[in-house]
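# A look at the structure
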Amino acid sequence: MSLTIIILILSSSSFSFLQSSERIPRFLNLQSVKEFINDGNEFASKELDDITPELNSEYDFIIVGAGSAGATLANRLSEIEDSTILLLEAGRSESLAMDIPIFPHFLQFSNDINWKYQTESSEKYCLAMNKHKCNWPRGKVMGGSSVLNYMIATRGNPNDYNTWSRMGNEGWSFEDVFPYFKKLENMQIPELRNNKLMHNVNGPVGIDYSRYRTPLADAFITGGLKMGYNILDYNTNDTNGFGYVQSTTKNGERMSTNRAYLHPIRERKNLFLSRESLVERILINNKQAKGVKFTKNNKSIKVYAKKEVIISAGAIGSPQILILSGIGPEAHLKELGIDLIKSSPVGENLMDHVFYGGLIFTVNQSNPFLLENLINPFLPHLGNYLEKRDGAYTSPGGVEAVAFLDVNRPGDSTSLPNVEFCFSAVSLAAASNAYRLYNLSEEFFQKVYKNILSQYTWMVLPFVMQPKSRGRILLRNKMAGSEPRIIPNYFQHPDDMGLMIKAIRIILDINESEEMRKFGSQLHEVPILGCEKLPFNSDQYWNCAVRTFTSTIYHPAGTCKMGAESDSTAVVNPRLQVIGIKNLRVVDASIMPELPSGHTNIPTIMIAEKAADMIKEDWHYPTGK
């Protein structure tokens, strides 16, 4: 396996030290580099073999997308020994270098494994970005966005799923979904493993703490305790308070769904994988899904499903495929010149968690997360990771702690939280090109943040967990693979901005705490470009600042909304079957009727675990419950 990703973060001069054992720095052992390469080769040997299906071949189930949901489904459906499953993935194979936890920032720069979507230009948000377009990274790789994300493992609040149930989704209350949250989990944290009521140690997805923690993270947590909040295991029924990040990692490495669900079943003879296979449309006859048409190696191939086609292409890809197949808003299909098969609100109800990125604080406490420290071969960080899977490289993108609070009742640890804070010792100051991660304009970065470049900082990303704003996804044309039109409509509803401003003020209070003063913590107060004339710290100022430095926290959902068949806003029913089309389901974050109060990766895996049992039940296979 190549060291492509490692080379990406090492300067060419520092990487030259790997060429000669005489020049290996004290902290970088040549043998550990060789062992990492060997580990990478072993990792590659565990990837499923790639096939090219024969034209008009048949399978019992066809799954489109090998991401968080699709990889999970492929594993569980291939447990049916007398069935055949074809898994189609548009992206490439995963590599071990992608699974170094500190790397999410770097992976998102890759054209190779990232669809690199952007929102449509807006005059109401993303104003600091080039052409006012926010980046929306999405995984194009085995494991999907579980390879690009920041690995934060949260289930959400039990009330989230009870709300789903009250919306007409029978079988989706917290009592119904909780067994699947446990089923997927392989809890690695020693002090949580013994809580057998809430956790499992035998599931496929490793969940652990980072093996590195900054003193700033400890101060953030202690500050929360002194504010009257609990320090908690937020993956229980108690989700109000502060806690260290639980991440989808195991033994210091990322645990993508590809690694968790597909590597262990490489030898199953009834599961077939075709990578770099772009699905063009679903083949539908008499309102029944028959198969799919996809392109691989510039060749168009049709394959057929004897039982079901299951779309797991994510909150962007799934609506795109449905619309290309004639299932979607009638007027939009007519505009595109696509024949209508079923009028459906596909692409509507787009939800996302959006953060304000400008809360950056300078401190006098050093940490490894400056790029110049991470890549310095004379410091121990890379060596610690290669040799022991330890140290700063095990941190999930530098995000170390989270808090779930009700900003309408500050200090109340009994109410339902409505915002989340993500604490990080990494900010725009970490590297000279970090601003490009968000598509920030160079002018904005130069005028607002350049003067803190390479200073030690911390930041908190606040976001509203149950936003009321809704966007939509439209197609630009009827060509598969074209970038869709993403219109998130951030802060369209005034309540979302109101909660965000309250959240910002709480973070400013945390900065004034005794714990943070010990580090000389100071808000970087250079006014946000475009907001300079507004009184600093006024509601008007923060409204302007939030709309200027807006960014997704990578949680698009809801575009194939689940609901009762009588619900005119629903695309799929509670069995995740596309309403009005037989033998077609959608299984991924797009079916969420409301966002969970947290991050979406673990809930998406839960959805796939539950969907696998529903599919087995509907086709009279044992579920193994």
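The structure this text deals with has already been given above.
Keep in mind the model is a prediction, meaning the values are calculated, not measured.

### Quick word on the side chain of Asn114
Among the structural elements, Asn114 can be located in the loop between α5 (104-107) and β3 (117-118). Only 2.9 Å separates the side chain of Asn114 from the backbone oxygen of Gln108, close enough to count as a polar contact. At 2.8 Å, the side chain of Asn114 and the backbone nitrogen of Lys116 are in polar contact. When sequence neighbours within four positions are dropped, the list of residues in contact with Asn114 reads Gln108, Pro137, Arg138, Lys140 and Leu148.

### Things to note about the pattern of salt bridges
When charged atoms on two side chains of opposite charge get close, those side chains can pair. Within the structure shown, the criterion is met by 31 salt bridges. Among the salt bridges present, the one from Lys296 reaches Asp50, with a minimum N-O distance of 2.9 Å. With a gap of 246 residues between them, Lys296 in strand β13 (residues 288-296) and Asp50 in the loop between α3 (30-46) and β1 (58-64) connect regions that are remote in the sequence. For Lys296, a relative accessible area of 4% puts it in the buried group. Here Glu609 makes a salt bridge to Arg76, at a shortest N to O gap of 2.8 Å. Of this pair, Glu609 sits in helix α19 (residues 601-618) while Arg76 sits in helix α4 (residues 68-77), placing them 533 residues apart in sequence. Neither Glu609 nor Arg76 differs from the other in exposure class; each is buried. Three or more residues are tied together by salt bridges with common partners; here these are Asp39, Asp99, Glu253, Arg259 and Arg389.

### What to know about the packing of α4 against α19
Following both chains from N to C, one finds α4 and α19 inclined at 35°, their axes separated by 8 Å at the closest point. Regarding α4 and α19, the two cross each other, and that crossing is right-handed. Here Ser68, Ala69, Thr72, Leu73, Arg76 and Leu77 of α4 lie close against α19, whose contacting residues are Asn601, Thr604, Ile605, Ala608, Glu609, Ala611, Ala612, Ile615 and Lys616. When grouped by side-chain class, the residues that make up the contact of α4 with α19 number eight nonpolar, four polar and three charged.

Scoring rules and cut-offs
- Residues numbered from 1 in each chain as written.
- Predicted model: local features only at pLDDT ≥ 70, side-chain atom pairs only at ≥ 80, totals over all residues.
- Heavy atoms only, no water.
- Helix = DSSP H or I, 4+ residues; strand = E, 2+ residues; numbered from the N terminus.
- Polar contact = N/O pair within 3.5 Å; in protein donor to acceptor, adjacent residues only side chain to side chain.
- Contact = heavy atoms within 4.5 Å.
- Salt bridge = Lys/Arg side-chain N within 4 Å of Asp/Glu carboxyl O.
- Buried < 20%, exposed > 50% of the residue type's maximum accessible area, 1.4 Å probe, protein only.
- Axes fitted to C-alpha atoms, helices over the stretch in contact; angles between N-to-C directions.
- Left-handed = near helix turned anticlockwise from the far one by under 90°.
- Nonpolar A, V, L, I, M, F, W, Y, C, P; charged D, E, K, R; others polar.

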